[in-house]
Amino acid sequence: MNRTSRTAIALAVAQLAWTAGAAHAQEADAGAVVVVTGQRAALNSAQKIKQDSDEIVDSVVADDIGKLPDRSVTEVLQRVVGVSINRQAGDNERFSVEGAGVNIRGLNYVRSELNGREAFAANGGRSLSWGDIPPELMSGVDVYKNPSAEQTEGGISGLVNLRTALPFDFKAQRVGGSLEVTHSTLRKGKPDLSGSLLYSNRWKSSLGEWGVLFDVASSDSSTRTDTFQFEPFYPRTGIEPGRTVWIPKGAQWRTYEYDRKRQGAYGALQWRMKDVRSHLTLFQSRYKDNALEQSIFSSAAPYDLQVSDATYDDRGALLTGTISDRTNGGIPFSNAGGFNKGNSKTTDIGWNVQWKVSEDWTLSSDLQRTTSKADAFSSAVGLGMLMPSQRLDYRGKLPSIEFTDAQRTFLADPANYYWGSTMEHMHRNTGELKAWKGDARYTFDHPVLRDLRFGVRLTDREALTVNSDPSYNWKGVTQPWMVDWDIGKLAYLSDPRFNAPTVTNSFPNFFGGDISVPAVVFPAPSVAAGYPDSYQLLHSYHMLLCQEQRVVLGGGTCEAWTPARFGGDNPAGTNDQREKTRAFYTQLRFGFDNLAYPVDGNLGVRYVQTRSRSRGYTSFRPGAAPPQGAQVTGLPVPIIPAFEERRDVKNDYNNVLPTLNLRLKASDKLQFRAAFGTSMSRPDFDDLQAYTRMSQDVDSVLNEATGVTTVTAVRRTGTAEGNPSLKPITSRQLDLTAEWYFANSGSLTLAVFGKRLKDVIIDQTVSIGLPDVQGNLQQFLVTSPVNGARGTVRGAEIAYQQYFDGLPDWLKGLGLQANYTYVDSHRKLYNPVRSEFCSGSEGGAANINLNMNGCDIDGRTFGDLPLAQMSKNAYNVAILFDRGPWSARLAFNWRSRYFLSTNTNGTRGSDGTDTNPASPDFGERNVAWGLPLWADDYGQLDGGVSYKFSENFKIDFQAQNLSDARYGQTMHQGIGDKRRAHFVSGPRYSLRAGYSF
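Quick caveat, the model's predicted, so the values are computed rather than measured.

With that settled, the discussion passes to the confidence of the model for the protein chain. Mean pLDDT for the protein chain: 89, with 94% of residues reaching 70 or above. Segment residues 1-37: pLDDT under 50, and 102 contacts once partners within four positions in sequence are set aside and those in other chains are kept. Below a pLDDT of 50 lies the segment residues 842-846, which in the model reaches 12 contacts outside its immediate sequence neighbourhood of four places, other chains included.

Laid out in structure tokens, this is it:
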């Protein structure tokens, strides 16, 4: 195949995809544009992009103006072979209905682009917040599995490029709009409205040809998630005679209502005259969200619990039984009313100029400026109560809590609740990127050499994060452990002095009506949202009770509540970073067309310099004053003055990234590819923070008979929020594919791949020295992210799609799209630490087990954990139908269980039992533990049907989660896998009307 034919094919693909070439940086030649309409045509267009690309790529193309096949970019991406999405949000205790993150081939080192330019959100990372992007503005999405040297570095797992249209992609004026209503079955209430509007036109003048395009979209979404959650199991020796049994701390439930408004605007101005062409684009997305949460959870002291009428499994874990707490007069529970709100805005401006200097030379320049900002506030106000008992049954697929009528009456009575706690958190992120890219292409008139490309890219990026200090500022109002020494009693709602507003939630339609839970009293939403005035009111209750207690005890003062610090001159809450990069690449494209089986491809290398600077601080805060005087014996206690000092760190590194992409054509329909390369992913900005906090704690024992104090332990520990000296993760990778394109919308493709990762970032314990007043260096054990592991990822993909045109007439129009991905991973630590037992303190050197291997509550480690977020198996199956004005799809997406973390809220603590026979603390309950948390298998059925009344008017009906799937989590313990949580969000239905002319 000659070069002219190849160019013509590339142009046709670009037109079908509504784009002038990947990244809009290299526009296709002028010519007639075929507007893609219909599901079948969209699949054909995506298939042609994959077939004719120089790299290994999979695409999704809109089947109409602003009509990608799903309601969010994340949901679109999950249909692509090799791509999976995460559905847990934040701290893994909440469910993200539209998906929260994207993995390619099991890894989350994904580079995001918008029209070939770097795209990011101010979220502490380097990629987009995928849910922030309006899918209505997209004309297509490309997923590159092994990018070439001319593509910007930064994605080991792959590159996702979101494409928008340009005016010249349409032959003439084009106007289109849509209106959509969506209903959530679990949330109910008023339907949500969404809409979009596009206008594009082009004209000729004496100054050349011009084109303009405007595209706006707005989308509202109201969802609800119900959660049933179960606490970890603790080993107990006093429950059953002569036997250790495992007892949970309790079970709990919550409901989470989430409202978001997503808005987007896109504009493009395009011009060309003779050999010069240019386009200017502006893209802006806005995202606002509000959430209300009401949750009840156990705050019991697990070793105070008793069990009656119990049965156990063969490992001693509770199956059925009633737990109670006679020590505290009831099981302490907290019920929190949470309020969260957030705002984000990302603006991208790009200007591209291309000049065809001669038949051989083409030059292009691309200038970009991106700004992003996000701020968030979260507030949680808690009531407390003492639940008389809880009857638990773990025998079914879904464990249950059984409630008596008396318990339901007790929980619904406000008089049984007291004001318990407050917690606020704030953060503000800003980011700015300025980038320029210059490219040159020399085209050969040669039977083998196609063209030589080379170019440079310069970037300057700043990232600033301001956090509240403390980040999550939990403060008790009245807690049972405060009674008698700080306050005389708790601030019960039955006392008219403590009359902040409350509400009672009866949890209607909980789990779609499948589970009945009692009504519970919560702080009114206005209390959590009313910070700081409402917090001042609640803590005045504490002040009143504290002052009353001081009269009884005599003397002393009561400490007033102070809010978390935020902003201003506060280095403890500020993460300020700047990064500059310089990149140069050269790439040769070639083709051997005269061979029996033609071979073509590209060979290139990219050289990248990275220069970064992080501003932070190091602090030391001593704990309680160490014992002093002649009556102190035991371990010496060094005196280290408290300090807080600024810390600026520079981090420079260079990377050479060679790539080779080959394609062999066995025929016009059958081809094979091989891709070799080295890639890199820089650490997230959150991981590069230069903040280290250290402290010294002293344990001592006073002998009251002799008056001698013996120092038994001196612990010097610390935590690093990040590590500004981190290097990038790098990977050597190989991809092999076989691709059979047997019809316009029919193909069968197979890929195998392997990646060897180096310098994977893990949390590990390091030693940092601080001088004491004598000048001696004292070593602190600090947990910090480090480049501490290597890894391997291997797997395979298979994808198939076809419309069955040979079927009988009444079945014509049916099609099938299916794909399957298998991924296997292994991790090897540079400095492995593996012991049978965990250490007896959180900062111990051996406690890398907690982060890497996990620790059970009996102090034993697990080990052999895989890389996080990686499912071994995933597949998509979609039944398609296209005939006449009708189009339909029924799509099922599934991924197998995958590891989340060993350090997740609710499945970690510091009260594990030390069972190490060699430990001096044997039998003590002071071991830091963290259970491996897993996401269960999850599959979801979605569908849609559309009818085209005319060339201009179409109606679409879409359904998400038709199967009402329940997402689950499992926590692993030595007694086996135990249920952690179930999440239900219910089906959603939407109706969309679209008109274009």
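Quick look at the packing of aromatic side chains now. In this structure the tally under the stated criterion is 43 aromatic pairs. Pairing Phe510 with Phe511 gives two aromatic rings, centres 5.1 Å apart and planes at 40°, and the pair type is tilted. Residue Phe510 shares its accessibility class with Phe511, and that shared class is buried. Each member of the aromatic cluster is reached from another via a ring pair, and the members are Phe228, Phe230, Phe233, Trp253, Tyr394, Phe403, Phe507, Phe510, Phe511 and Phe522. Positioned above the aromatic ring of Trp934 is the side chain of Arg897, whose terminal nitrogen or guanidinium carbon lies 4.1 Å from the ring centre. A cation over a ring is seen here: Arg925 above Tyr303, with NZ or CZ 3.9 Å from the ring centre.

A separate point is a negative patch on the surface. Residues Asp275, Glu359, Asp360 and Asp445 make up a contiguous surface patch of negative charge. Here Asp360 is to be found in the loop between strand 19 (331-356) and strand 20 (361-387). Overall, Asp360 belongs to the partly exposed group, its relative accessible area being 31%.

Moving on, we come to the environment of Thr581. On the secondary structure map, Thr581 appears in strand 28 (residues 574-592). On a C-alpha basis, the gap between Thr581 and Arg611 in space is 6.2 Å, while along the polypeptide they are 30 residues apart. In contact with Thr581, other than residues within four places in its own chain, are Arg457, Leu458, Thr459, Gln609, Thr610 and Arg682.

What follows deals with the pairing of strand 19. Two strands pair when backbone bridges link them, and strand 16 (residues 276-298) and strand 19 are joined in this way by 23 bridges, in the antiparallel orientation. The residue of strand 19 that forms the bridge with Phe297 is Ser334. Looking at chain direction, strand 19 and strand 20 are connected through 26 bridges and run antiparallel. If you follow Gly342 over to strand 20, its bridge partner there is Ala376.

What the five strands build is an open sheet, ordered 1-8-9-6-7; its pairing is mixed. Two strands in the sheet have a free side with no partner beyond their single neighbour: strand 1 (57-61) and strand 7 (117-118). The sheet contact formed by strand 8 (residues 140-144) and strand 9 (residues 158-163) spans five bridges and is antiparallel. Paired with Val143 across the bridge in strand 9 is Val160. Packing of helix 2 (residues 39-52) onto the sheet brings it into contact with strand 1, strand 8 and strand 9, and relative to strand 1 it is tilted by some 155°.

A separate point is the sheet that holds strand 22 (residues 400-402). Reading across the sheet, the four strands line up as 17-18-21-22 and stay open at both edges, with antiparallel pairing between neighbours. Both edges of this open sheet fall to strand 17 (306-312) and strand 22, since each of them pairs with a single strand only. Between one strand and the next, the sheet's axes are offset by a mean angle of 15°, whatever the strand orientation. Pairing of strand 18 (residues 318-324) with strand 21 (residues 390-393) involves four bridges; the strand directions are antiparallel. Note that in strand 21 the partner of Thr322 across the bridge is Arg391.

Scanning the entire structure with this criterion turns up two disulfides. Sulfur-sulfur distance for the disulfide between Cys546 and Cys558 comes to 2.1 Å. The disulfide joining Cys546 to Cys558 has a torsion of about -95° about its S-S bond and is therefore left-handed. Of the two residues, Cys546 is situated in helix 6 (residues 533-553) and Cys558 in the loop between helix 6 and strand 28; the sequence distance between them amounts to 12 residues. Taken as a pair, Cys546 and Cys558 share a single burial class, namely buried. Between the sulfur atoms of Cys838 and its disulfide mate Cys855 the distance is 1.9 Å. Residues Cys838 and Cys855 share a disulfide whose torsion about the S-S bond is about -110°; that sign makes it left-handed.

Here the focus is the pairing of strand 34 (residues 708-720). With three bridges joining them, strand 30 (residues 632-634) and strand 34 adopt parallel strand pairing. Each residue of the ladder has a partner; that of Thr633, found in strand 34, is Thr710. As paired strands, strand 34 and strand 37 (residues 777-803) are joined by three bridges and run parallel to one another. Among the inter-strand pairings, Gly718 is bridged to a residue of strand 37, identified as Val782.

Glancing now at helix 6. With 21 residues, helix 6 ought to run about 30 Å at 1.5 Å a step, and its terminal C-alpha atoms sit 30 Å apart, in line with that. Within helix 6, the full set of buried residues consists of Ser534, Tyr535, Leu538, His539, Tyr541, His542, Met543, Leu545, Cys546, Gln549 and Arg550.

All told, the structure shown has 65 salt bridges when counted by the stated rule. For Arg163, the salt bridge is made with Asp142, and the minimal N-O distance between the two is 2.6 Å. With a gap of 21 residues between them, Arg163 in strand 9 and Asp142 in strand 8 connect regions that are remote in the sequence. Like Arg163, the residue Asp142 is buried in the burial classification. Several salt bridges share partner residues, and in doing so they unite Arg71, Glu75, Glu98, Glu180, Arg260, Arg262 and Arg988 into one network.

Cut-offs applied
Residues numbered from 1 in each chain as written. Predicted model: local features only at pLDDT ≥ 70, side-chain atom pairs only at ≥ 80, totals over all residues. Heavy atoms only, no water. pLDDT = per-residue confidence, 0-100. Contact = heavy atoms within 4.5 Å. Phe/Tyr/Trp six-rings, centres within 6.5 Å; stacked < 30°, edge-to-face > 60°. Buried < 20%, exposed > 50% of the residue type's maximum accessible area, 1.4 Å probe, protein only. Lys NZ or Arg CZ within 6 Å of the ring centre and 35° of its normal. Patch = residues over 30% accessible without salt bridge, like charges linked within 9 Å, V, L, I, M, F, W, Y side chains within 5 Å. Areas by Shrake-Rupley, 256 points an atom, 1.4 Å probe, with all protein chains shown as cover. Salt bridge = Lys/Arg side-chain N within 4 Å of Asp/Glu carboxyl O. Lys, Arg positive; Asp, Glu negative; His and termini not counted. Charge placed at Lys NZ, Arg CZ, Asp CG, Glu CD. Helix = DSSP H or I, 4+ residues; strand = E, 2+ residues; numbered from the N terminus. Pairing = 2+ DSSP bridges. Axes fitted to C-alpha atoms, helices over the stretch in contact; angles between N-to-C directions. Disulfide = S-S within 2.5 Å. Expected span 1.5 Å × (residues − 1).

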